[in-house]
Structure formats: structure tokens, C-alpha cells
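# What the coordinates show
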Amino acid sequence: SRVMKTFEEHPKEVQLAVTDLIYNLGPTGFANLDARDHLERFDYPRAANSLLNTTWRSQVGSRAEKVINLIRSVSSIAKRETLAESVDDIFGAF
């Protein structure tokens, strides 16, 4: 995607969230979000949190919560995977 260079590298949940954001905000509106920068760095918790105080959230109502929760669900998965990898790195040699 021209709007988000790393789009294809993200889990489907994030791709759905980004698609919804671009649909509502347009490419330029999405490009101007702090959340886009956080998503490009795969920082899902910050991306979700940065959407909390946006005009977009107040305009789309409950749909915003669904999009934010999609991004948050991935951040929880990513944390568990990172933890599992760390445990494997530490104990894998035993």
C-alpha cells in the first residue's frame, strides 16, 4: 500500500483496522495520524492508544472501539509470542 509501506507484513486484524481507518479518513487523513507511524513500527499498543483522543473516534462511535480493539488484540498476541520466544531462547538449550 502506498499509504502504509508495511501493510502486507501486519496480521489480518491490523490490516482490517487500517482498511477501516482509510475508508473513514481517506488516504491523507490516515497518513496524518500518529497511529500510522506507530503501526509502521509495529507498536500496536501505542497505535491503539493514539486513536483514543482523535476526532475520528468521536465521529464513528462504537465502530472506533471495534477498530481499536482489533489492534489491541494483536498487541496481546504479539506480547505472548515475544514472551514465548524469550522463554525458548533462555531454556531452549536445556
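Residues numbered from 1 in each chain as written. Predicted model: local features only at pLDDT ≥ 70, side-chain atom pairs only at ≥ 80, totals over all residues. Heavy atoms only, no water.

## Observations regarding the pattern of salt bridges
Tallying each qualifying case throughout the model produces five salt bridges. Among the ionic pairs, Asp-20 bridges to Arg-63, the shortest N-O distance being 3.0 Å. Taken together, the positions of Asp-20 in helix α1 (residues 12-31) and Arg-63 in helix α5 (residues 62-91) put the pair 43 residues apart, joining distant regions of the chain. For Arg-63, a relative accessible area of 34% gives the class partly exposed. The closest approach of N and O atoms between Asp-37 and Arg-36, which form a salt bridge, is 2.9 Å. You can call Asp-37 partly exposed: its relative accessible area is 31%. (Salt bridge = Lys/Arg side-chain N within 4 Å of Asp/Glu carboxyl O. Helix = DSSP H or I, 4+ residues; strand = E, 2+ residues; numbered from the N terminus. Buried < 20%, exposed > 50% of the residue type's maximum accessible area, 1.4 Å probe, protein only.)

## A word on the packing of aromatic side chains
Evaluation of the coordinates by the stated rule reveals one aromatic pair. Here Phe-42 and Tyr-44 contribute two aromatic rings whose centre-to-centre distance is 6.4 Å and whose plane-to-plane angle is 80 degrees, an arrangement assigned as edge-to-face. (Phe/Tyr/Trp six-rings, centres within 6.5 Å; stacked < 30°, edge-to-face > 60°.)

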